Amino acid sequence: MTELILVTGATGTVGQHVVTALSDRDVTIKIGVRDPETVSNEIADAGELIEFDFTKPETWGRALTDVDGVFLVRPPVVDKSEIGAFVEAADRVGVARIAYLSTLGAEKNVLVPHHWIEKRITATDMEYTLLRASFFMQNLLEVHRGDIVEYGEIFVPAGNGETSFVDARDIGETAAIVLTESGHTNQAYDLTGPEALDYEEVAAVFSDVLNRPIRYPDPSLLAFGRRMHRRGKPLGFIALMCGIYTTVRLGLATRVTDDSQHLLGRRPRGMRAFVEDHADDFHGDSQPHRGSSGNSAGSGYVETRRPPLPDVAYELVNPVMSRLLRSPLHSLVSDSIPLLTFIGSRTGNEYTTPVGYWVKDGHLVVTPTLCISHGASDTT
Ligand SMILES: NC(=O)c1ccc[n+]([C@@H]2O[C@H](COP(=O)([O-])OP(=O)(O)OC[C@H]3O[C@@H](n4cnc5c(N)ncnc54)[C@H](OP(=O)(O)O)[C@@H]3O)[C@@H](O)[C@H]2O)c1
């Protein structure tokens, strides 16, 4: 008889890939979601949608009926005690096996909820597999995409610590493997990508693949906290991020294992493959524009201001400045006056002009000038 697998967190970063990977296998999938109305067709079509909420035990009975295996995710907002109660309920109704998405180092780190949940799982009669995952590459897409798209930078307080990033798609595939194939009973796997990279190296991969400069400004924890606070992020979020990136700073996220390779039967996806596959997601309307002067200050949020002098002053000065900036003597002024090339939003024409700039609150503020004789009205 075909096995029935309940997938929790099925709309999440990893759960969606567990559903996809299981749908290629000879199993029936129960997809436990809080609101079946909001689920994408891709996920909904893969199995039976069922209302399920860790915080509503009245939804557990239907979700667990006839289920042979469970893929368990602890949503970050759910208290570990509710996950523990659900694990015990699954055991009581006779679920045979469970695969749990845990975190790297959970066996030693008593501070993370995963440590406690793992202990609850191993104390049951269910066959278990613990998938202790490293840092997801998808965090760069889901948490840090705005900085990459708008400011051309990866703004995390990770210092020069390395991370053995893993792709959530590979975790999804390994979950499907351990739930449907033999040989993984009562095992724990450390799921990492193929290499450990620091954020300078990550930024270099992004720059290369996206063909525009992506910087890693290496902010201190304080600078990171200040910027997040200005953006109105809750203190809990800031503290969590600082906690996570402190472990990276301390070199605790660097371990690479071959468990993913062993389970997948191939090399796990690396950072380059991840960025290539999501390149479209990292392009946005407000992409930083590469200046023709090559001045690296060109990457970042650009705010334009009209200068205080009459236009005629700039019409006289700018052609001279443009020539100087294109000449071998450009270093006399290019530290403070780069050339900015941009496409007019109305005409589509390409313009180049010398600009003044300064940095304010971590943002690049650019003073536009009027060296351009045509189409200046579509430049703002
Ligand atoms: N990010 C990392 O680098 C990393 C690394 C290792 C381990 N982890 C662990 O991975 C887990 C998170 O996995 P993820 O990133 O795939 O999840 P996620 O993207 O944060 O999504 C959470 C999922 O849980 C569902 N959910 C939220 N509240 C729920 C509730 N009350 N009852 C039932 N379902 C609920 C959400 O569904 P709806 O909102 O659609 O209802 C969603 O499908 C965490 O335990 C985290 O510690 C993360």
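Every value quoted in this text rests on a predicted model; they were computed, and no experiment measured them.

Rules and cut-offs
Residues numbered from 1 in each chain as written. Predicted model: local features only at pLDDT ≥ 70, side-chain atom pairs only at ≥ 80, totals over all residues. Heavy atoms only, no water. Buried < 20%, exposed > 50% of the residue type's maximum accessible area, 1.4 Å probe, protein only. Helix = DSSP H or I, 4+ residues; strand = E, 2+ residues; numbered from the N terminus. Pairing = 2+ DSSP bridges. Right-handed = clockwise from strand over helix to strand, strands pointing away. Axes fitted to C-alpha atoms, helices over the stretch in contact; angles between N-to-C directions. Parallel < 35°, antiparallel > 145°, perpendicular 65-115°, else oblique. Left-handed = near helix turned anticlockwise from the far one by under 90°. Contact = heavy atoms within 4.5 Å. Nonpolar A, V, L, I, M, F, W, Y, C, P; charged D, E, K, R; others polar. Core = buried A, V, L, I, M, F, W, Y, C linked by side-chain atoms within 4.5 Å. 1 Å grid on protein atoms, 1.4 Å probe; cavity = no way out; pocket = protein on both sides within 12 Å on 5 of 7 lines; lining within 4 Å. Points joined across faces, edges and corners; volume = space filled by probe spheres on them. Phe/Tyr/Trp six-rings, centres within 6.5 Å; stacked < 30°, edge-to-face > 60°. Lys NZ or Arg CZ within 6 Å of the ring centre and 35° of its normal. Near = heavy atom within 4 Å. Polar contact = N/O pair within 3.5 Å; in protein donor to acceptor, adjacent residues only side chain to side chain. Areas by Shrake-Rupley, 256 points an atom, 1.4 Å probe, with all protein chains shown as cover. pLDDT = per-residue confidence, 0-100. Lys, Arg positive; Asp, Glu negative; His and termini not counted. Salt bridge = Lys/Arg side-chain N within 4 Å of Asp/Glu carboxyl O.

Quick word on the pairing of strand E1 (residues 3-7)
No. 1: Among the 5 residues that make up E1, 4 are buried, leaving the element largely enclosed by the rest of the structure.
No. 2: Where E1 and strand E2 (residues 27-33) come together, 5 bridges link them in parallel fashion. Within E2, the residue paired with Ile5 across the bridge is Ile29.
No. 3: As a crossover connection, the stretch from E1 through helix H1 (residues 15-23) into E2 is right-handed.
No. 4: Here E1 runs beside strand E4 (residues 69-72); their pairing, made up of 3 bridges, is parallel. The residue of E4 that forms the bridge with Val7 is Phe71.

Some thoughts on the packing of helix H4 (residues 80-92) against helix H5 (residues 113-122)
No. 1: Here H4 crosses H5 at 15°, and the two axes come no closer than 10 Å. Here H4 is positioned roughly parallel relative to H5, judged by the angle of their axes. Considering only the axes of H4 and H5, their crossing is right-handed. Between H4 and H5, the contacting residues are Lys80, Ser81, Ile83, Gly84, Val87 and Glu88 on the first element and Pro113, Trp116, Ile117, Arg120 and Ile121 on the second.
No. 2: Across the contact of H4 with H5, the residue classes break down as 6 nonpolar, 2 polar and 3 charged.

A few points about the side chain of Arg97
No. 1: Assignment of secondary structure puts Arg97 in strand E5 (residues 97-103).
No. 2: For Arg97, a relative accessible area of 19% corresponds to the buried category.
No. 3: When neighbours within four sequence positions are excluded, Arg97 is seen to be in contact with Glu3, Asp68, Gly69, Val70, Glu127 and Leu179.

Section: the nonpolar core
What tends to happen in soluble globular proteins is that the nonpolar side chains get buried as a cluster.
No. 1: The biggest cluster of nonpolar side chains holds 32 residues, and the ones touching the most others in it are Leu140, Ile154, Phe165, Tyr199, Val202, Phe206 and Met271.
No. 2: Of all elements in the fold, only helix H6 (139-142), helix H9 (199-210), helix H10 (221-230), helix H11 (235-249) and helix H13 (271-277) reach the threshold of two or more residues within this core.
No. 3: Setting aside chain neighbours within four positions, we find Met271 in contact with Met137, Leu140, Phe165, Glu195, Leu197, Val202, Val205 and Phe206.
No. 4: Counting residues in hydrophobic clusters, the runner-up holds 31 residues, among them Val39, Phe136, Ala175 and Tyr189.

Here's the deal with the sheet that holds strand E8 (residues 187-191)
No. 1: The 7 strands lie next to each other as E3-E2-E1-E4-E5-E6-E8, forming an open sheet whose pairing is parallel. Looking at strand neighbours, the two that pair on one side only are strand E3 (48-51) and E8, the edges of this open sheet. Pairs of neighbouring strands in the sheet enclose a mean axial angle of 20°, with direction left out of account.
No. 2: Packing against the sheet, H5 makes contact with E4, E5 and strand E6 (127-133), and its axis sits at approximately 165° to E5.
No. 3: On the sheet, helix H8 (residues 168-180) packs against E1, E2, E4, E5, E6 and E8 and is oriented at approximately 150° with respect to E5.

Quick notes on empty space enclosed by the protein
No. 1: Scanning the entire structure with this criterion turns up 1 cavity of 30 Å³ or more.
No. 2: In this model, the largest cavity occupies a volume close to 40 Å³.
No. 3: In the lining of the largest cavity, the residues fall into 5 nonpolar, 2 polar and 1 charged.

Here's the deal with the environment of Phe282
No. 1: Here Phe282 is to be found in the loop between H13 and strand E10 (302-304).
No. 2: Given a relative accessible area of 0%, Phe282 falls into the buried group.
No. 3: Sequence separation between Phe282 and Leu140 is 142 residues; the distance between their C-alpha atoms is 9.6 Å.

Some points on the packing of aromatic side chains
No. 1: The final tally for this structure, using the stated rule, is 12 aromatic pairs.
No. 2: Aromatic pair Phe274 and Phe282: ring centres 6.3 Å apart, planes at 70°, arrangement edge-to-face.
No. 3: Judged by relative accessible area, which is 0%, Phe274 ranks as buried.
No. 4: Three or more aromatic residues joined by ring pairs make a cluster, and in this case those are Phe135, Phe165, Tyr199, Tyr216 and Tyr245.
No. 5: The ring of Phe155 has Arg227 sitting right over it, with the charged end atom 3.7 Å from the ring centre.

Side note on the site of the ligand
No. 1: Residues in contact with the ligand amount to 26 residues; listed here are only the nearest, Thr11, Arg34, Asp53, Arg74 and His114.
No. 2: Separating an oxygen atom of the ligand from a side-chain N or O atom of Thr11 is a distance of 2.5 Å.
No. 3: Residue Val14 places a main-chain N or O atom 2.8 Å away from an oxygen atom belonging to the ligand.
No. 4: Burial of the ligand by the protein chains amounts to 80% of its free accessible area of 930 Å².
No. 5: Residue contributions to the shell around the ligand peak at 3 residues, all from E5.
No. 6: Among the residues making up the shell around the ligand, the classes are represented as 13 nonpolar, 10 polar and 3 charged.

Observations regarding the confidence of the model for the chain
No. 1: With 75% of its residues at a pLDDT of 70 or more, the chain shows a mean pLDDT of 85.
No. 2: Here residues 286-312 scores under 50 on pLDDT; set against residues more than four positions off or in separate chains, the count is 66 contacts.
No. 3: In the model, residues 369-380 has pLDDT below 50 throughout and makes 29 contacts with residues more than four positions away in sequence or in other chains.

Notes on the side chain of Asp198
No. 1: Position of Asp198 relative to the elements: it lies in strand E9 (residues 197-198).
No. 2: One buried charged residue, Asp198, remains without a salt bridge, the closest side chain of opposite sign being Arg249 at 12 Å.
No. 3: A polar atom in the side chain of Asp198 sits 3.1 Å from the backbone nitrogen of Glu200.
No. 4: Leave out the neighbours within four places in its chain, and Asp198 touches Asn160, Gly161 and Glu162.

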